[in-house]
Amino acid sequence: MNPRALVIMIAGLMMISIKVFTQLAGSSQNISANVDNTYLREDARNIAETGVGIGIRKIANNPAWRDGIPSMNLFDGVASVTVQDTMYKGFSCVKVQCTGTIMAGTPEQHIETAVAYLYGDTIPTALQGALVVNHDVSQKGSFTVDGRDHDDNDNVLSRTGVLGIWTVGNVQSDDDHQVLGTNQETGDDNSHHVDTAVVVRNGSYSDDGEDDGGDDGEEGGSGGGSGSGNKPFPSSPDSIMSTCGEHFSEGTLKSIAQSHANGSQYVTDPTKLTYPLQGITYVELPAGGTWQPTNMSGCGTLIVHNGTHDACMQNAAGGTFKGIVMCDEINKINCEIDGTVFDMGSKNDDPADGTGKILFNRGECRTSTGQVARGMNSNGSSFSAIAWK
Amino acid sequence: MRTIMEEAGGIIIGGVIFLTLITLFSRIGDTARAQSFKDAAQESTTNASDIMEREFRLIGYGYTDTTYILKADSASITFRADLNDDGIVDTVAYGLSAVVYAGQNTTAPRILQRTPGHGLAAPVATGITKFALDYFDRSGNPTTTIANIRSIRMSMISLADADIDSTHPGVYWERTIKPKNMR
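On a predicted model such as this, the values are computed, not experimentally measured, just so you know.

(A) Highlighting the overall build of chain A. On a plain count of helices and strands, chain A comes out with 4 helices and 24 strands. Looking at chain A residue by residue over its 389 residues, the buried ones come to 48%. Within chain A, contacts between residues at least 6 apart in sequence are counted, and of these 51% link residues at least 24 apart.

Right, here's the structure in full:
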């Protein structure tokens, strides 16, 4: 073979080889890059969702936590968590957002964001005081009603409390009991007989929660708004809960209790309750029925109600209950309730009689509200977010 | 005479070497082309997975009813979610297009398409020969009951539109999504 032809042929083959191998390498590189991109995107997504999960756990431990986490190393990347109070679907909630970044500062950098909305620092607006009553209140004994916000150790938290007592009727009291409230900045105030930041008499209910009894409480009494926004006093557990922003059609709470979501119970005979109470405990007594003595140890939402609106809790005793109590009637509370009590009935019972105390606890009320709302929306899943995106 | 035989032998050996090289380069070329098509198929699949994963993750988002999934069978799904976060719940369906050509068998490449509730179907990926959906309940057991679905496994095979050595280069993709809003 002519040496020149041989050289040309070899050169041609080499050029073809280079071209083919370049193409092959390029395709392989693209395939690897595709896999890398997918992996890095998933990694960034995992970082973001894990960051949100960490934020949710922190809020679960401390409902007031809003600090966020500016930067946290996670899975070879960086997570940045922010927490803020916001609105979702018309009611307030806590938004936990996390930005997950992987390969920061390189051409391969991927950023993903995850968001979860949690039930916020919201309780039903109908629960305007530590004790909400649909009739006159007569305070007796050493009973304490404290509308200041408390933590789990009964320490007072500033500026997040509510009224001590809110009633559509009047309030009469002995000197031995205490009523405290922090519905305004001044904090605890023992001049509870006249201070409308502590006690509201003759209140009228509006579902925006702004009616605290008016500005005329200094005279001790004729408080209560009369605006066009006034609504009937909520007379059922579902209508009370509906003031949290979610709508609970009549019978919803009962059906959740019957589903046993989150340990919920539904009984017509209180002796069949299992303790400690948790989730929604729905006690439907027969007409005129009385639960006596009332052992309410546990947490969650306790409902004592029947179709004739006369289911009665008598001599509440035993351990502490943490959460929301809604009942037709209640006489003598000799235990501690960390949360709030809503006395729906119109009969003049004595919810503020006894040796016990009601310590408002926004965190417990919020937890109970969240459980109820989740029970309605998710068949009682223990997951605490309203929505993820 | 000897010179002629040497030249003939050289031509034959050179020819064999040349044919071998041609064959070798042809094979390498085929591999390179297959690789390129595989790359294209993979890119098409990952693009489709980006779109689908994002939307599947959002199933039920912004929707207060618990009927997040309207239809779920082995080859298509229709679900609801506020995908744009604009307060309006969207209805979206995913599935393969109908057979395009008369007589085309069901395993022929088709288009994976996304159909919004009010709108025309849009292609998400082409050359899809298999798009399968499997559904699992809270415990991870297969289920066909829509209300019990908690996770979805998607799998698809995407083939390149090229015939190389009687084979179609392609990729298989599988993903299991657990939409967090379906609880």
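Here the narrative resumes.
(B) Looking closely at the interface of chain B and chain A. Facing the 23 residues of chain B at the interface are 19 residues of chain A. Residues belonging to the side of chain B that touches chain A are distributed by class as follows: 6 nonpolar, 11 polar and 6 charged.

(C) Representation of the sheet that holds strand S2 (residues 76-81) of chain B. Residues and elements named next belong to chain B. On the basis of which strands lie adjacent, the open sheet formed by 7 strands has the order S1-S2-S3-S4-S5-S6-S7 and antiparallel pairing. A single partner strand is all that each edge strand has here, and the edge strands are strand S1 (69-72) and strand S7 (170-177). The sheet shows a mean angle of 25° between the axes of neighbouring strands, taken without regard to direction. Alignment of strand S5 (residues 122-136) against strand S6 (residues 151-159), held across 8 bridges, turns out to be antiparallel. Looking at the pairing, Leu-133 lines up with Met-154 of S6.

(D) Region of the structure containing the environment of Ile-149 of chain B. Residue and element names in this part refer to chain B. Here Ile-149 is to be found in the loop between S5 and S6. Owing to 21 C-beta atoms within 10 Å, Ile-149 belongs among the buried residues under this scheme. Setting aside chain neighbours within four positions, we find Ile-149 in contact with Ile-69, Ala-72, Tyr-135, Asp-137, Thr-143 and Met-182.

(E) View of the nonpolar core. Leu-118, Leu-131, Ile-165, Leu-253, Val-304, Val-325 and Phe-342 of chain A are the most contacted members of the largest nonpolar core, which totals 123 residues. Looking at this core, the element that brings in the most residues is helix H1 (residues 2-57) of chain B, giving 7 residues. Both of domain 1 (29-119) and domain 2 (129-377) of chain A provide at least three residues apiece to this core.

(F) Molecular detail of the confidence of the model for chain A. Residue and element names in this part refer to chain A. Here chain A averages 80 in pLDDT, and 82% of its residues register 70 or above. Model confidence for chain A, summarised as mean pLDDT per element, is weakest for helix H4 (residues 362-378) at 74 and strongest for strand S14 (residues 265-267) at 95. pLDDT under 50 marks residues 378-383. Its contacts with residues more than four places away, or in other chains, come to 13 contacts.

(G) Molecular detail of the pairing of strand S4 (residues 110-119) of chain A. All names here are of chain A. Across the 10 residues that make up S4, a large majority, 8, are buried. Two elements, S4 and strand S24 (residues 385-388), share 3 bridges in a ladder whose sense is antiparallel. Of the residues in S24, the one forming a bridge with Tyr-117 is Ala-387.

Reading guide: rules and limits
- Residues numbered from 1 in each chain as written.
- Chains lettered and ligands numbered in written order.
- Predicted model: local features only at pLDDT ≥ 70, side-chain atom pairs only at ≥ 80, totals over all residues.
- Helix = DSSP H or I, 4+ residues; strand = E, 2+ residues; numbered from the N terminus.
- Buried ≥ 20, exposed ≤ 12 C-beta atoms within 10 Å, placed from the backbone.
- Contact = placed C-beta atoms within 7 Å.
- Nonpolar A, V, L, I, M, F, W, Y, C, P; charged D, E, K, R; others polar.
- Pairing = 2+ DSSP bridges.
- Axes fitted to C-alpha atoms, helices over the stretch in contact; angles between N-to-C directions.
- Core = buried A, V, L, I, M, F, W, Y, C linked by C-beta atoms within 7 Å.
- Domains from an automatic or database assignment.
- pLDDT = per-residue confidence, 0-100.

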